[in-house]
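Structural features, examined
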Amino acid sequence: MKIACIGAGYVGGPTMAMIAHKCEGVEVTVLDINEERIAAWNSDKLPIYEPGLEEVVSAARGKTLFFSTECEKHVAEADIVFISVNTPTKTRGVGAGYAADMTYWESAARMIARVSHSPKIIVEKSTVPVKTAQAVERVLSNNVLNPGARFDILSNPEFLAEGTAIKDLEKPDRVIIGGRQTPSGLKAIDTLKKVYAQWIPEDQILTSNLWSSELAKLAANAFLAQRISSINAVSALCEKTGADVSEISKCIGADSRIGPKFLNASVGFGGSCFQKDILNMVYICRGLGLEEVANYWESVITINNYQKRRFVDVVISSLFNTVRAKRIAILGFAFKKDTGDTRETPAIDVCNGLLEEGAKLAVYDPQVTEERMKMDLSMDKFEWDHPYSERKAKEVNDLIECSESVYKACEGAHALCVLTEWDEFKELDLRRIYDSMVKPAFIFDGRSVIDGKAAKKIGFVFFGVGKPLDPFLTDPASPNSPANSARMSMSP
Ligand SMILES: NC(=O)C1=CN([C@@H]2O[C@H](COP(=O)(O)OP(=O)(O)OC[C@H]3O[C@@H](n4cnc5c(N)ncnc54)[C@H](O)[C@@H]3O)[C@@H](O)[C@H]2O)C=CC1
Ligand SMILES: O=C(O)[C@H]1O[C@H](OP(=O)(O)OP(=O)(O)OC[C@H]2O[C@@H](n3ccc(=O)[nH]c3=O)[C@H](O)[C@@H]2O)[C@H](O)[C@@H](O)[C@@H]1O
């Protein structure tokens, strides 16, 4: 059986590598129009960082797994074609800022119609608006050139999370396959089910109609993001009341109906999908006249934006209401640990908020390149596909230093902000960092990775999202506060 996948990104690459690695009798070719990306997949330096990915790719590459830019040839030969192209939020025109941009999807569908001369199963792997399968069916059936071509469309959304993609693909909680409830649709579902059943227990492979499968993906991401916004909303309340959000998470997570996962308060969620998929759902709801439902889901984004803004405001107000020309160390730029992906990372909003006030940032991230950071900070929100502003790029170049280590970033800094929960940040030599910083030295922990008690003992002024506020911050003007006097006396 020949499988082709259009789109060799964060989803297409790892997912196809796993299928090739696990399945007998299949040949998998991952396709992309981006030559650089395909060259990287064929090299020792894969285009994405994902723990365990190298091992899976190298076990199958050249045997059952291939990467190619010859899209038409491999699609023409395939029995199953996965579409895993990007579906970003539209940046202009009708629905800009909300609707999914389906340009890449449609061009992939038109190409499939043009080159196909045999029956094929077309699998939606990208996250798409509900009813996309119908649009694809129409594009395919109206453009097919060869009478031998016939298509069954399936929806098979992906639930992997970055940083744990290989683990998630190897042992997914569930696989969903949606299809038309016709003899041909049910046969297609069965064919794809047999592929996954080679390594996933059959009772974890759920089948449904097309629309349930498409909407289940949007709903799953909306629920996950909503949990984070809920705990982040509680974190704001904790800071005002002296409650500790980690203790709250533990207490509410012990209720088996709530469960402990996805209750870590943070500086805000990031990543390419949560915001995009919720905005897409909001757009769909508004289009269907479901204004209240749209508003409900949009509030998840409102709280997320509030959380990022709140963090910036705390940094500025704590640093005596000015950060101009102050060096601030930014620890972590990726949207979560164990990935080099920066799409929609909260670090962009936090850094932009501080840059706006004239701060000088020293950024350290073990996986994000200097070029990527500077590019991200030189672009306006939602402008990822447009040329970035030269003016902003120059400003960013002047105000940003990319440091080779945490310790270098913190040298001479007034404050450090933890924006990604990299494991190495849990084991920092806080004393060494403190000694190298300007006093009073501040820590703003947006990821609950620093031991606040230990930091305070050393002399840091400590702010942790959702943690009881340091007296220095509740009463910064009081020189008599015990916390203040200890810290002031240690200043150089
Ligand atoms: N990144 C993630 O963790 C997850 C993403 N998804 C969804 O999967 C889809 C893909 O996401 P990513 O892999 O992150 O995107 P990505 O941007 O990393 O990869 C998409 C790739 O498709 C290629 N492409 C676009 N149009 C093409 C065409 N006509 N022919 C050939 N190649 C084409 C692009 O060059 C790009 O390399 C999106 O819909 C996303 O919402 C779903 C679950 C997880
Ligand atoms: O559709 C997608 O793209 C994927 O989106 C998320 O995966 P991902 O964005 O890779 O990573 P998550 O682990 O979900 O984290 C998203 C963001 O939420 C933040 N987060 C997560 C959990 C938490 O408790 N608190 C919190 O702030 C993370 O730091 C990160 O910024 C979902 O978890 C996947 O199931 C889904 O397939």
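An unreviewed UniProt entry lists the protein under the name UDP-glucose 6-dehydrogenase, from Chloropicon primus. According to its UniProt record, the protein has this under Pathway (unreviewed entry): "Nucleotide-sugar biosynthesis; UDP-alpha-D-glucuronate biosynthesis; UDP-alpha-D-glucuronate from UDP-alpha-D-glucose: step 1/1." Database annotation for the protein, UniProt heading Sequence similarities (unreviewed entry): "Belongs to the UDP-glucose/GDP-mannose dehydrogenase family."

1. Here we look at a nonpolar patch on the surface
A surface patch of nonpolar side chains, about 260 Å² in accessible area, is lined by Leu 288, Leu 290 and Val 293. Take Leu 290: it is sitting in the loop between helix 11 (274–287) and helix 12 (291–318). According to the relative accessible area criterion, Leu 290 is partly exposed, its value standing at 39%.

2. Brief notes about unusual backbone geometry
With an omega of -5°, the peptide bond between Lys 439 and Pro 440 qualifies as cis. Within the secondary structure, Pro 440 is located in the loop between helix 17 (430–436) and strand 13 (442–445). A positive phi is found at Phe 262, a non-glycine position, where the angle reads about 60°. Here Phe 262 shows up in the loop between helix 10 (245–253) and helix 11. With phi around 55°, Glu 344 is a residue other than glycine that occupies positive phi space. Among the secondary structure elements, Glu 344 is positioned in the loop between strand 9 (327–331) and helix 13 (346–356).

3. Considering the site of ligand 1
Taken together, 25 residues sit near ligand 1, with Asp 32, Arg 37, Thr 87, Glu 162 and Lys 276 positioned nearest. Separating a nitrogen atom of ligand 1 from a backbone N or O atom of Ile 33 is a distance of 3.4 Å. Burial of ligand 1 by the surrounding chains reaches 92%, relative to a free accessible area of 820 Å².

4. Re the pairing of strand 2 (residues 27–31)
Most of strand 2 is tucked away: four of the five residues are buried. Of the pairings in the sheet, the one linking strand 1 (residues 2–6) to strand 2 comprises five bridges and is parallel in character. Of the residues in strand 2, the one forming a bridge with Lys 2 is Glu 27. Chirality of the crossover, the property in question, places the unit of strand 1, helix 1 (residues 12–22) and strand 2 among those that are right-handed. Direction of pairing for strand 2 relative to strand 3 (residues 65–68): parallel, over a ladder of four bridges. Looking at strand 3, one finds that Val 28 is bridged to Leu 65.

5. As for the side chain of Lys 374
Relative to the helices and strands, Lys 374 is located in helix 14 (residues 370–377). Note on Lys 374: relative accessible area 17%, which makes it buried. Look past the residues within four positions of Lys 374 in its chain and what remains in contact with it is Val 396, Asn 397 and Ile 400.

6. Comments concerning the nonpolar core
Side chains that are nonpolar tend, in soluble globular proteins, to be buried together. Ranked by size, the top nonpolar core spans 68 residues in total, and within it Phe 311, Ile 328, Leu 331, Leu 354, Leu 361 and Phe 460 carry the most contacts. Looking at this core, the element that brings in the most residues is helix 13, giving six residues. For Leu 354, the contacting residues outside a window of four places in its chain are Val 312, Val 315, Ile 316, Val 323, Ile 328, Ile 330, Ala 359 and Leu 361. Core analysis: the second largest hydrophobic core is formed by 42 residues, Met 16, Cys 23, Leu 154 and Ala 188 among them.

7. Section: the packing of helix 9 (residues 210–241) against helix 12
It is the contact of helix 9 with helix 12, at a shortest axis distance of 9 Å, that shows an interaxial angle of 45°. As the angle between them shows, helix 9 and helix 12 are arranged oblique. For the crossing formed where helix 9 meets helix 12, the hand is left-handed. In this structure, helix 9 uses Ala 222, Phe 223, Ala 225, Gln 226, Ser 229, Asn 232, Ala 233, Ser 235, Ala 236 and Glu 239 to contact helix 12, whose residues at the interface are Tyr 296, Trp 297, Val 300, Ile 303, Asn 304, Tyr 306, Gln 307 and Arg 310. Looking at side-chain class alone, the contact of helix 9 with helix 12 contains 10 nonpolar, six polar and two charged residues.

8. Points about the site of ligand 2
Around ligand 2, a shell composed of 20 residues is seen, among which Leu 160, Glu 162, Ser 266, Cys 273 and Arg 447 lie nearest. Between ligand 2 and Phe 159, the relevant distance is 2.7 Å, taken from an oxygen atom to a main-chain nitrogen or oxygen of the residue. In this structure, an oxygen atom belonging to ligand 2 sits 2.6 Å away from a side-chain N or O atom of Ser 266. Here ligand 2 loses 90% of its free accessible area of 700 Å² to cover by the protein chains. Counted by class, the shell around ligand 2 contains 11 nonpolar, four polar and five charged residues. Shared between two domains, the shell around ligand 2 holds at least three residues of each, these being domain 1 (2–208) and domain 2 (301–488).

9. A few points about the domain arrangement of the protein
The domains assigned to the protein are domain 1 (2–208) and domain 2 (301–488). Placing a centre on the C-alpha atoms of domain 1 and another on those of domain 2 gives a separation of 38 Å. The partner domain 2 presents 13 residues to the 13 residues of domain 1 that form the contact. Roughly 1,100 Å² is buried in total at the junction of domain 1 and domain 2, and carbon and sulfur atoms are behind 51% of that figure. Three residues, Tyr 49, Thr 91 and Glu 162, lead the burial of domain 1 against domain 2; their summed loss comes to 50% of the area buried on that side. Where domain 1 meets domain 2, there are one salt bridge. Taken together, the connections running from domain 1 to domain 2 amount to three residue pairs in polar contact (both at pLDDT 80 or more). Among the residues forming the side of domain 1 that touches domain 2, the class breakdown is six nonpolar, five polar and two charged.

The rules behind each value
- Residues numbered from 1 in each chain as written.
- Chains lettered and ligands numbered in written order.
- Predicted model: local features only at pLDDT ≥ 70, side-chain atom pairs only at ≥ 80, totals over all residues.
- Heavy atoms only, no water.
- UniProt positions renumbered as here; feature names shortened; annotations may be inferred.
- Patch = residues over 30% accessible without salt bridge, like charges linked within 9 Å, V, L, I, M, F, W, Y side chains within 5 Å.
- Areas by Shrake-Rupley, 256 points an atom, 1.4 Å probe, with all protein chains shown as cover.
- Salt bridge = Lys/Arg side-chain N within 4 Å of Asp/Glu carboxyl O.
- Helix = DSSP H or I, 4+ residues; strand = E, 2+ residues; numbered from the N terminus.
- Buried < 20%, exposed > 50% of the residue type's maximum accessible area, 1.4 Å probe, protein only.
- Near = heavy atom within 4 Å.
- Polar contact = N/O pair within 3.5 Å; in protein donor to acceptor, adjacent residues only side chain to side chain.
- Pairing = 2+ DSSP bridges.
- Right-handed = clockwise from strand over helix to strand, strands pointing away.
- Contact = heavy atoms within 4.5 Å.
- Core = buried A, V, L, I, M, F, W, Y, C linked by side-chain atoms within 4.5 Å.
- Axes fitted to C-alpha atoms, helices over the stretch in contact; angles between N-to-C directions.
- Parallel < 35°, antiparallel > 145°, perpendicular 65-115°, else oblique.
- Left-handed = near helix turned anticlockwise from the far one by under 90°.
- Nonpolar A, V, L, I, M, F, W, Y, C, P; charged D, E, K, R; others polar.
- Domains from an automatic or database assignment.
- Buried area = accessible area lost by both parts, 1.4 Å probe.

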